[in-house]
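Commentary on secondary and tertiary structure
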Amino acid sequence: MPKTVFLGSDHAGLNLKAALVAHLAAAGHKVVDLGPTEATSVDYPDFARLVCRNVLDTPESAGILVCGTGIGMSIAANRIGGIRAALCVNEYLARMTRLHNDANVLCLGERVIGAGLAASIADVFLETGFEGGRHQRRVDLIESCGLAAPL
Ligand code: RB5
C-alpha cells in the first residue's frame, strides 16, 4: 500500500537519498524530500529531527534517514520519543524491525550499501506491517522508559 515517506540525509547520504526518492516515487509512494539539496557539509541531527517531527505529525507515515554509515542518524532519531529508528543492512532486518519493533524510521548508510540493496530494503520496510501481540507490550515498554528528549 502506498505510504507517505519523509526522507532526509546529510551530505554523505545525499546521493543514496536521491536514488531512493526516485525509486519510491516510481513505486507510487507519496515522497517528501526534506533535504538537503546540495552536497555542502551539514549536521545529520538537524535532518534526523526534521524527518522525525514529520513522521510523528503524520499518521501511518514512515521516515528514511541516510548518512555515511546510518549510525549517526539512528542515534539521533532514537533520542526522540515515539520514534523507533532501525539501521538496516539487509531485507531480513527491515522485515523483522517492522514485525517486532514497529519501527517507523529506516536508517541507511550510503558508504555501506549500494542503491539497489537500499531500494530493496526500503521496499520491504514499507510493505511489512507490525505483528502486534506480545510485541506491542515491548514497544510500550520502550516508549515508557522516559529517556527520550522532547522535540
Ligand atoms: C559524515 O562524515 C559522517 O560522519 C556521517 O554521515 C555519519 O556517517 C555519521 O554517523
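Whatever comes next refers back to the structure up there.
Residues numbered from 1 in each chain as written. Predicted model: local features only at pLDDT ≥ 70, side-chain atom pairs only at ≥ 80, totals over all residues. Heavy atoms only, no water.

1. Considering unusual backbone geometry
- Across the junction of Gly35 and Pro36, the peptide omega takes the value 0 degrees, indicating a cis bond.
- When you line up the elements, Pro36 lands in the loop between strand E2 (30–33) and helix H2 (44–57).
- Backbone geometry at Glu60 places phi at a positive 70 degrees, although glycine is not the residue there.
- Tracing the backbone shows Glu60 in the loop between H2 and strand E3 (62–67).
- Although it is not a glycine, Asp102 sits at a positive phi angle of roughly 50 degrees. (Helix = DSSP H or I, 4+ residues; strand = E, 2+ residues; numbered from the N terminus.)

2. Some words on the environment of Ser120
- With respect to the helices, strands and loops of the structure, Ser120 is situated in helix H5 (residues 115–127).
- In this structure, the C-alpha to C-alpha distance between Ser120 and Ser9, residues 111 residues apart in sequence, is 18 Å.

3. A word on the side chain of Lys17
- Within the fold, Lys17 resides in helix H1 (residues 14–26).
- Of the residues examined, Lys17 reaches a relative accessible area of 2% and is grouped as buried.
- Polar side-chain contacts of Lys17 include one of 2.9 Å to the side chain of Asp33.
- Setting aside residues no more than four positions away along its own chain, Lys17 makes contact with Leu7, Gly8, Ser9, Asp33, Gly35, Pro36 and Val66. (Buried < 20%, exposed > 50% of the residue type's maximum accessible area, 1.4 Å probe, protein only. Polar contact = N/O pair within 3.5 Å; in protein donor to acceptor, adjacent residues only side chain to side chain. Contact = heavy atoms within 4.5 Å.)

4. Focus on the site of the ligand
- In the vicinity of the ligand, the contacting residues are Asp10, His11, Ala12, Tyr44, Cys67, Gly68, Thr69, Gly72 and Arg111.
- Take Thr69: an N or O atom from its main chain is 3.0 Å from an oxygen atom of the ligand.
- Alone, the ligand offers 300 Å² of accessible surface; in the complex the protein occludes 71% of this.
- Grouping the constituent residues of the shell around the ligand by class yields three nonpolar, four polar and two charged. (Near = heavy atom within 4 Å. Areas by Shrake-Rupley, 256 points an atom, 1.4 Å probe, with all protein chains shown as cover. Nonpolar A, V, L, I, M, F, W, Y, C, P; charged D, E, K, R; others polar.)

5. A short note on the pairing of E2
- Relative to E2, strand E1 (residues 4–9) runs parallel, the two sharing four bridges. Its bridge partner lying in E2, Phe6 is registered against Val32.
- Running through H1, the crossover from E1 to the neighbouring parallel element E2 is right-handed. (Pairing = 2+ DSSP bridges. Right-handed = clockwise from strand over helix to strand, strands pointing away.)

6. Focus: the packing of aromatic side chains
- Scanning the model with the defined rule gives zero aromatic pairs in all.
- Residue placement shows Arg98 over the ring face of Phe125; its charged tip is 6.0 Å from the ring centre. (Phe/Tyr/Trp six-rings, centres within 6.5 Å; stacked < 30°, edge-to-face > 60°. Lys NZ or Arg CZ within 6 Å of the ring centre and 35° of its normal.)

7. Digging into the nonpolar core
- Leu20, Leu24, Ile64, Leu106, Leu108, Ile121 and Phe125 are the most contacted members of the largest nonpolar core, which has 22 residues in total.
- Of all the elements in the fold, those that place two or more residues in this core are E1, H1, E3, strand E5 (105–109) and H5.
- Top contributing element to this core by residue count: H5, with seven residues.
- Counting residues in hydrophobic clusters, the runner-up holds 16 residues, among them Val51, Val55, Cys67 and Ala76. (Core = buried A, V, L, I, M, F, W, Y, C linked by side-chain atoms within 4.5 Å.)

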